[in-house]
Amino acid sequence: MATSDQEAAKKFYSSLFGWSANDSPMGPEDFYTIFRLNGHDSAAAYTLRKEEREQHIPPHWNLYIAVDSADDAVDKAAKLGGAVLAPAFDVMDIGRMGVIKDPTGAVFCVWQAKKHSGLGAGGENGEFCWADLSTPDPQRAEKFYSGLLGWKLEKGEKDPSGYLHIKNGEKFIGGIPPAEHRPPQAPAHWMLYFMVADVEASTEKAQGLGARVYMPPRKMEGVGDWAVLADPQGAAFALFKSGR
């Protein structure tokens, strides 16, 4: 997460999800925060850089996708029509990464692990569990991500909505909602979901901590409950509880 107030973000997410914050120095008055939950790395945060603020980039969550080679992924993304915002570079000795904008405008990062593989165990409350791609052109996005990462996109057998489920190998990891359900003026983006035991209770708690609610809790039969919020600094994210 890139934020405008790292200390405030630490307090918010630690209170909401039970994360512990571990800071590593990155220079004078600069540090990187790795959040942990039950002994596993669950997320991270840094303060928006000067060049990001000059470009009026708001606080936001970044999606990191594991790859075997960040260099190869960046090169392939460019050939598939993506824009390379940051060519592959080393993050000290813990990994190598690149920043890419897909052909529909959504930004994401690729991560080649060295000493740090990324998130720990999943499936617990307070952990990242899903990612949705909001895009005006699902077909173009499908072609790009399947070509880059080998993902398969499938419609649910009993789901007439047109929602595309993203399948990585044998595991469903995210989806692409129908374009007609998104605000036409909204830029393409990835939305991160975090698992909670009670979406309504977590939404209420987040509001008490200063969050803004973009979509109040709602339920879909056979899927689960979810809500969309923004933390006090403005970074948007979603809460989710499975109904299966």
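Residues numbered from 1 in each chain as written. Predicted model: local features only at pLDDT ≥ 70, side-chain atom pairs only at ≥ 80, totals over all residues. Heavy atoms only, no water.

Asks: What's the story with the overall build of the protein chain in this structure? I'm lost.
Replies: Counting its secondary structure elements, the protein chain contains 5 helices and 16 strands. Relative to the 2.2 N^0.38 estimate, which gives 18 Å for 244 residues, the radius of gyration of the protein chain is 18 Å and therefore close to what a compact globule would have. Expressed as a percentage of its 244 residues, the buried residues of the protein chain come to 43%. Of the roughly 13000 Å² that the protein chain leaves accessible, carbon and sulfur atoms contribute 52%. Charged side chains in the protein chain number 26 positive and 32 negative. The centres of these two groups are separated by 2 Å. (Helix = DSSP H or I, 4+ residues; strand = E, 2+ residues; numbered from the N terminus. Rg over C-alpha atoms; globule rule 2.2 N^0.38 Å. Buried < 20%, exposed > 50% of the residue type's maximum accessible area, 1.4 Å probe, protein only. Areas by Shrake-Rupley, 256 points an atom, 1.4 Å probe, with all protein chains shown as cover. Lys, Arg positive; Asp, Glu negative; His and termini not counted. Charge placed at Lys NZ, Arg CZ, Asp CG, Glu CD.)

Asks: How should unusual backbone geometry be read in this particular structure?
Replies: Excluding glycine, residues mostly carry a negative phi; peptide bonds, for their part, are mostly trans. Positive phi, close to 50°, is recorded for N38, a residue that is not glycine. Tracing the backbone through its elements, the reader meets N38 in the loop between β3 (30-37) and β4 (40-47). Even without being glycine, M92 reaches a positive phi, approximately 50°. Take M92: it is sitting in the loop between β6 (83-91) and β7 (95-101).

Asks: Quick question: what am I supposed to make of the packing of helix α1 (residues 6-17) against helix α5 (residues 199-208) here?
Replies: Direction vectors running N to C along α1 and α5 enclose 155°, while the axes themselves pass 10 Å from each other. Comparing their axes, α5 and α1 come out roughly antiparallel. Here α1 and α5 pass one another in a crossing that is right-handed. Two secondary-structure elements touch here, α1 through F12, S15 and L16 and α5 through S202, K205 and A206. For the contact of α1 with α5, the per-class residue count stands at 3 nonpolar, 2 polar and 1 charged. (Axes fitted to C-alpha atoms, helices over the stretch in contact; angles between N-to-C directions. Parallel < 35°, antiparallel > 145°, perpendicular 65-115°, else oblique. Left-handed = near helix turned anticlockwise from the far one by under 90°. Contact = heavy atoms within 4.5 Å. Nonpolar A, V, L, I, M, F, W, Y, C, P; charged D, E, K, R; others polar.)

Asks: Help me understand the nonpolar core in this model?
Replies: Looking at soluble globular proteins, one finds that nonpolar side chains tend to be buried together. In this structure, Y13, W61, Y145, W190 and F237 are the most contacted members of the largest nonpolar core, which totals 49 residues. If you look at the next biggest cluster of nonpolar residues, it comprises 9 residues, including W130, Y163, M191 and A238. (Core = buried A, V, L, I, M, F, W, Y, C linked by side-chain atoms within 4.5 Å.)

Asks: What should I look at first to understand the sheet that holds strand β5 (residues 64-66) in this one?
Replies: Note: strands within a sheet are paired through backbone hydrogen bonds, in either parallel or antiparallel orientation. Read across the sheet, 4 strands follow the order β5-β8-β7-β6 without closing on themselves; strand pairing throughout is mixed. Each of the sheet's edge strands pairs with one partner strand only, and the pair in question is β5 and β6. Taken pair by pair, the neighbouring strands of this sheet meet at an average axis angle of 25°, ignoring direction. Taken together, the 3 bridges between β5 and strand β8 (residues 107-113) define a ladder with parallel strand orientation. Bridge assignment links A66 to a residue of β8, and that residue is W111. Here helix α3 (residues 70-79) sits on the sheet and contacts β6, β7 and β8; the angle it forms with β7, its principal contact strand, is near 10°. (Pairing = 2+ DSSP bridges.)

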